[in-house]
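Structural description and commentary
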Amino acid sequence: MYKLNQNETPLFDALMEYVDRGTVPFHVPGHKKGEGIEKSFKKFMGENPFKIDVTVFQLVDSLHHPTGPIKKAQELAADAYGADASFFSIHGTSGAIQAMIMSVVGAGDTIIVPRNVHKSITAGIILSGAIPVYMQPELDKKLGIAQGVTPETVEKTLKENPHAKAVLIINPTYYGVATQLQKIAEIVHEYDIPLIVDEAHGPHLAFSEKLPMSAMEAGADLCAQSTHKIIGAMTQGSILHVRTKYVSAARVQQIMNLLHTTSPSYILLASLDTSRKQIALEGEELLEKAIENANYLRAEVNKIEGFYCFGPELVGNPGVFAVDPTKICITCRDLGITGFDLDMILANKYHIQMELSDLYNTLAVGSFGDTLENMDKLIHALNEISEEYKDKNQVKPDFIDIPSIPKQVLIPREAFYAEKESMLLEDSVGEVSGEFLMAYPPGIPVLCPGEVITEEIVNYVSDLKKTGLYVQGTEDPRVEYIKVVR
């Protein structure tokens, strides 16, 4: 199955050699293997993390110019995921996505992207100077969430924009919905351009046949994965995979070097190395258990009055080619409360912290780190919440129609760097936005820099704020004022 020995952890081994040598540290960081760390923090953390918190030197290699253990660790990752080359990112998938975009498009190039993009994608477009053309994903108004972009939408958009230099797809979505990615890859490659994939929520897909197809398996050219989501890397640990004729690995390395710190965390890098070993060798077994637990939770939630948790029954709906069962989207609309309300009740009363919430739903992310005991705690809490709210006859939250994609009159980079002035959002209709406006999480833009502000958008933001949902992106934290281009 693998060409390389996936038992190896070359970077972690190099760090252990550094520790075992009893090396005297006349290098940064200044805490010198933990000797200089504040006492209460050190007491909580223990000694070991600080012993491998090192800087760049020959034994542990350089992330910017890998020739030793980091190079070997990245080769092992590429082997595990079926890529030609893989690059560790310790500034999250956001940074990997920005590098991915900048590797395939430059100033003035057109890139086709879904509208429900994470803000990191728009940031990558700003950094590259590219021109975005947006595709509308399919919407499920019953659940109040965006699904995938269909192959038909991709084909139509490419026909209208044959000069495009790349297509970006989100797969799977935050909620675990996957589109027909293999078909989309075939369509995109007919135009002799690369398909790049935001696979932040799919680092586990390649290791179980019970999950949607991974980007590399589907024929994507580049994909960025949050290795800290679902599988066992630490937060900020992500990987960018490359398998394409359209861009060289050397070019991707150059772009990564532009964006990465020159002082990367070797603790995070080591977690990427070891989590790759874990998923490569134990992934199928671990994911089998994770899927089993998630399906148990889903089944129990669907027995509770007022709640609904979707599953494979959605497959075949527009934009839904497959569903990742480890994502448990709990819809509470029939209880007459919002997903945000449910999120806050679970956090404040039961000390259960969910991943995100929106108007109708709150999301639990399942992984092989879950236990049945914790799932039963969530089920118990939901039963109590159902008993409390089911007979109150509260008005169900209405679906808030997402505004139409506004007209783009400046490319995002031009608007972002333009001279701007601040005005009340309610007075800004007709002006050109100089900043982002997003419903967060998961960071879907209502407005991007360079787009014309509409009355529909102003009303939508007002409706979101009334329901208690989090709107952000503007310099004004209350989102009462917005910066517009002079």
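One numbering rule holds for all chains: residues counted from 1, following each sequence as written. Under the rules for a predicted model, residues below a pLDDT of 70 receive no local features and side-chain atom pairs below 80 are neither given nor counted, while totals for whole chains, interfaces and linings still include all residues. Only hydrogens and water are set aside; all other atoms, that is, all heavy atoms of the structure, feed into the side-chain values.

**With respect to the overall build of the protein chain**
Condition: Secondary structure is summarised from DSSP: a helix means a run of H or I of at least four residues, a strand means a run of E of at least two, and numbering begins at the N terminus for each. All radius of gyration figures rest on C-alpha atoms, and the globule criterion is 2.2 Å times the number of residues raised to 0.38. Every residue pair with non-hydrogen atoms within 4.5 Å of one another is taken to be in contact. Computed with a 1.4 Å probe, the accessible areas rest on the Shrake-Rupley method; for each residue, only the protein chains presented here act as cover. The positive count covers Lys and Arg only, the negative count covers Asp and Glu only, and His and the chain ends enter neither. Working definition for charges: the position is that of NZ of Lys, CZ of Arg, CG of Asp or CD of Glu.
Along its length, the protein chain carries 15 helices and 20 strands. Taking 23 Å as the expected radius of gyration for a compact globule of 486 residues, we find that the protein chain reaches 23 Å, a close match to that expectation. Overall, the C-alpha framework of the protein chain stretches about 65 × 55 × 45 Å when taken along its three principal axes. Residue pairs at least 24 apart in sequence account for 72% of intrachain contacts in the protein chain once pairs closer than 6 positions are excluded. Per element, the accessible surface of the protein chain, about 20,900 Å² overall, is 51% carbon and sulfur. Charge separation in the protein chain, taken as the distance between the mean sites of 43 positive and 64 negative side-chain charges, equals 4 Å.

**Focus: helix 12 (residues 339-350)**
Basically, it comes down to this: Here the expected length of a helix is defined as 1.5 Å per residue gap, with one fewer gap than residues. Note on exposure labels: buried denotes an accessible area under 20% of the residue type's maximum, exposed denotes more than 50%, and partly exposed covers the range between, all computed with a 1.4 Å probe on protein chains only.
Taking 1.5 Å of rise per residue, 12 residues should cover 16 Å, and helix 12 covers 16 Å from first to last C-alpha, within 8% of that figure. Within the sequence span of helix 12, burial applies to G339, L342, D343, I345, L346, A347 and Y350. Positive backbone phi, approximately 55°, marks H351, located one or two places after helix 12.

**Here we look at the pairing of strand 15 (residues 361-365)**
Put simply, the rule is: In this description, strands pair whenever DSSP reports at least two bridges between them.
Burial runs high along strand 15: 4 of the 5 residues are buried. Where strand 13 (residues 327-331) lies against strand 15, 5 bridges are found, and the strand directions are antiparallel. Paired with K327 across the two strands is V365, which belongs to strand 15. With 2 bridges joining them, strand 14 (residues 356-357) and strand 15 adopt antiparallel strand pairing. Pairing of L356 across the sheet is with L363, part of strand 15.

**Some thoughts on the side chain of T55**
Among the structural elements, T55 can be located in the loop between helix 3 (48-51) and helix 4 (69-81). Judged by its relative accessible area of 17%, T55 is buried. Once you skip the residues sitting within four places of it in the chain, T55 turns out to touch H27, V28, V60 and Y266.

**Remarks on the packing of aromatic side chains**
Using the following cut-off: Note on ring pairs: Phe, Tyr and Trp rings are taken, using the six-membered ring of Trp, and paired if centres are within 6.5 Å. Classes follow the plane angle, with under 30 degrees stacked, over 60 edge-to-face and the rest tilted. Two thresholds decide whether a charge sits over a ring: the Lys NZ or Arg CZ must be within 6 Å of the ring centre and within 35 degrees of the ring normal.
According to the stated counting rule, one finds 4 aromatic pairs in the structure shown. Centre to centre, the rings of Y81 and F207 are 5.1 Å apart; their planes meet at 85°, and the pair counts as edge-to-face. One end of the pair, Y81, is in helix 4; the other, F207, is in the loop between strand 8 (195-198) and helix 9 (215-218), and 126 residues separate them in sequence. A cation over an aromatic ring shows up here: R115 above the ring of Y134, its NZ or CZ 4.5 Å from the ring centre. Directly above the aromatic system of Y308 lies the positively charged group of K142, at a separation of 5.3 Å from the ring centroid.

**Regarding the sheet that holds strand 14**
Taken in spatial order, the 4 strands of this open sheet run 11-13-15-14, and their pairing is antiparallel. Strands with a single pairing partner mark the edges of an open sheet, and in this sheet they are strand 11 (308-309) and strand 14.

**Some thoughts on the pattern of salt bridges**
The criterion, for reference: Any Lys or Arg side-chain nitrogen found within 4 Å of a carboxyl oxygen on Asp or Glu counts as a salt bridge.
The tally for this structure, following the rule as stated, stands at 18 salt bridges. As a salt-bridge pair, K42 and E47 come within 3.8 Å of each other at their nearest N and O atoms. Residue classification places K42 among the buried residues on the basis of a relative accessible area of 18%. Among the residues examined, E47 registers a relative accessible area of 41% and is labelled partly exposed.

**Some details on the environment of V409**
Tracing the chain through its elements places V409 in the loop between helix 13 (372-389) and helix 14 (412-417). With 111 residues separating them in the primary sequence, V409 and R298 have C-alpha atoms 45 Å apart. Those residues within four positions of V409 in sequence are excluded, and the remaining contacts are V432, G450 and V452.

**Considering the packing of helix 4 against helix 11 (residues 266-301)**
We apply this condition: All axes are obtained by fitting lines to C-alpha atoms, using only the stretch in contact for helices, and the reported angles, taken between N-to-C directions, cover 0 to 180 degrees. In this scheme the handedness of a crossing depends on how the near helix is turned from the far one: anticlockwise by less than a right angle means left-handed, clockwise means right-handed. Each residue receives one of three labels: charged for Asp, Glu, Lys and Arg, nonpolar for Ala, Val, Leu, Ile, Met, Phe, Trp, Tyr, Cys and Pro, and polar for the others, Gly being one of them.
One way to put it is that helix 4 packs onto helix 11 with a least axis distance of 10 Å and a crossing angle of 35°. By crossing handedness, the relation of helix 4 to helix 11 is classed as left-handed. Here I70, A73, L76, A77, A80 and Y81 of helix 4 lie close against helix 11, whose contacting residues are Y266, L269, D273, R276, I279 and A280. The class makeup of the residues in the contact of helix 4 with helix 11 is 10 nonpolar, no polar and 2 charged.

**What to know about helix 15 (residues 455-466)**
To be explicit about the condition: Throughout, the arc means the angular range of directions from the helix axis out to the C-beta atoms.
Between its first and last C-alpha atoms helix 15 spans 17 Å; for 12 residues at 1.5 Å apiece the expected length is 16 Å, and the two agree. All of the buried residues along helix 15 are I457, V458, Y460, V461 and L464. Projected down its long axis, helix 15 carries its buried residues within an arc of 160°, all on one side. Facing away from the buried surface of helix 15 by more than 90 degrees, the exposed residues are E455 and K466. Lining the buried residues of helix 15 we find strand 17 (437-439), strand 18 (444-447) and strand 19 (471-472).

**Things to note about the nonpolar core**
Going by this rule: What makes a nonpolar core is a set of buried Ala, Val, Leu, Ile, Met, Phe, Trp, Tyr and Cys residues whose side-chain atoms join them at distances within 4.5 Å.
Core analysis: the biggest nonpolar cluster contains 30 residues, and I111, I121, L168, L222 and L240 have the highest contact counts within it. Of the residues forming this core, the biggest block, 7 residues, is contributed by helix 5 (residues 92-104). Excluding its chain neighbours within four sequence positions, the residues that come into contact with L240 are A85, S86, F87, A96, A99, M100, L222, C223, A224, V252 and M256. By size, the runner-up hydrophobic cluster in this structure holds 25 residues, among which are C309, I328, M354 and A381.

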